[in-house]
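Summary of structural features
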Amino acid sequence: MNRINQKLQEDKKLLSIYFTAGYPNIDDTVSIIQDLEKHGVDLIEIGLPFSDPLADGPTIQDSSTQALKNGMTTKVLFDQLKDIRKTVKIPLIIMGYFNPMFQYGVEAFCKKCQELGIDGLIIPDLPVDVYHEQYQEIFEKYGLINVFLITPQTSDERIRYIDSISNGFIYMVSSASTTGAQSGFGDEQTAYFERIAKMDLKNPQIIGFGISNNNTFTQATKYAKGAIIGSAFVKHVTHKGINSLDAFVNKIKHG
């Protein structure tokens, strides 16, 4: 069974952390992954930086720009992760845009992910229909879960279609804006969380965008299996470096 599915079966609320590979320094990728696992994070999303990130807010965009300047590429990331499964047990997901995967060759990319022990991919700009028609067989051949995003604007019909072709979790975007931290969720977002919870989908949901502290983590996980923190973590790394990750994780989990 895929590590993501195993993790989703655990009787707890899950904390997923996103970070940009190659940031703040090119060689920080592996130590960040190892430290996050050590401090109790459940899943990790490794951001593959891209020059034109559509859904990312300024914090993650800036980290991607710096990572690219540092020399991060698909090949460099794969080289860095070659021994990751010797030390890390939790699910690892690569999040990135489709262009670098297409350039690398979709099947070659998926094959490499399987060799390294990557469990899934999140590709915000790969349309669900295109994935279903052209790439689903390739992903499944290499044991990779493709995670789709839904937003408050996604129709119920579309959500049910996404649920039908998913086999892991659904990434539930908390609002229609770009990524970024916020202090709490309003009535509109809460109503959206409740609406999706009532749909009784077969795939659990993990909420992302706007989660930055214990308050937003607790609010989100009241309605979903887990929550994803990206911008707030990247900001922490920017200002505090990579040596105080335990303090960040503790603050999210316990306030």
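Presented here is a report on the structure given in the accompanying data block. Note that the structure is predicted; figures quoted are calculated from it, not measured.

A short note on the pattern of salt bridges
For the structure on display, the rule yields 13 salt bridges. The residue Asp83 makes a salt bridge to Lys86 at a minimum N-O spacing of 3.4 Å. Residue classification places Asp83 among the partly exposed positions, given a relative accessible area of 38%. The partner of Lys111 in a salt bridge is Glu115, and the shortest N-O contact between them spans 3.2 Å. Taken together, the residues span about one helical turn, with Lys111 and Glu115 both in helix H6 (residues 106–116) at a distance of 4 residues. Overlapping salt bridges bring together Lys7, Glu10, Lys12 and Asp42 as one network.

Brief notes about unusual backbone geometry
Each neighbour pair has its own omega, and for Tyr23 with Pro24 the value is 0°, a cis peptide bond. Looking at where Pro24 falls in the secondary structure, it is placed in the loop between strand E1 (14–20) and helix H2 (29–38). Of note in this structure, Asp200 is not a glycine but carries a positive phi near 55°. Even without being a glycine, Phe209 presents a positive backbone phi close to 80°. When you line up the elements, Phe209 lands in the loop between strand E8 (205–208) and helix H10 (214–223).

About the thresholds
Residues numbered from 1 in each chain as written. Predicted model: local features only at pLDDT ≥ 70, side-chain atom pairs only at ≥ 80, totals over all residues. Heavy atoms only, no water. Salt bridge = Lys/Arg side-chain N within 4 Å of Asp/Glu carboxyl O. Buried < 20%, exposed > 50% of the residue type's maximum accessible area, 1.4 Å probe, protein only. Helix = DSSP H or I, 4+ residues; strand = E, 2+ residues; numbered from the N terminus.

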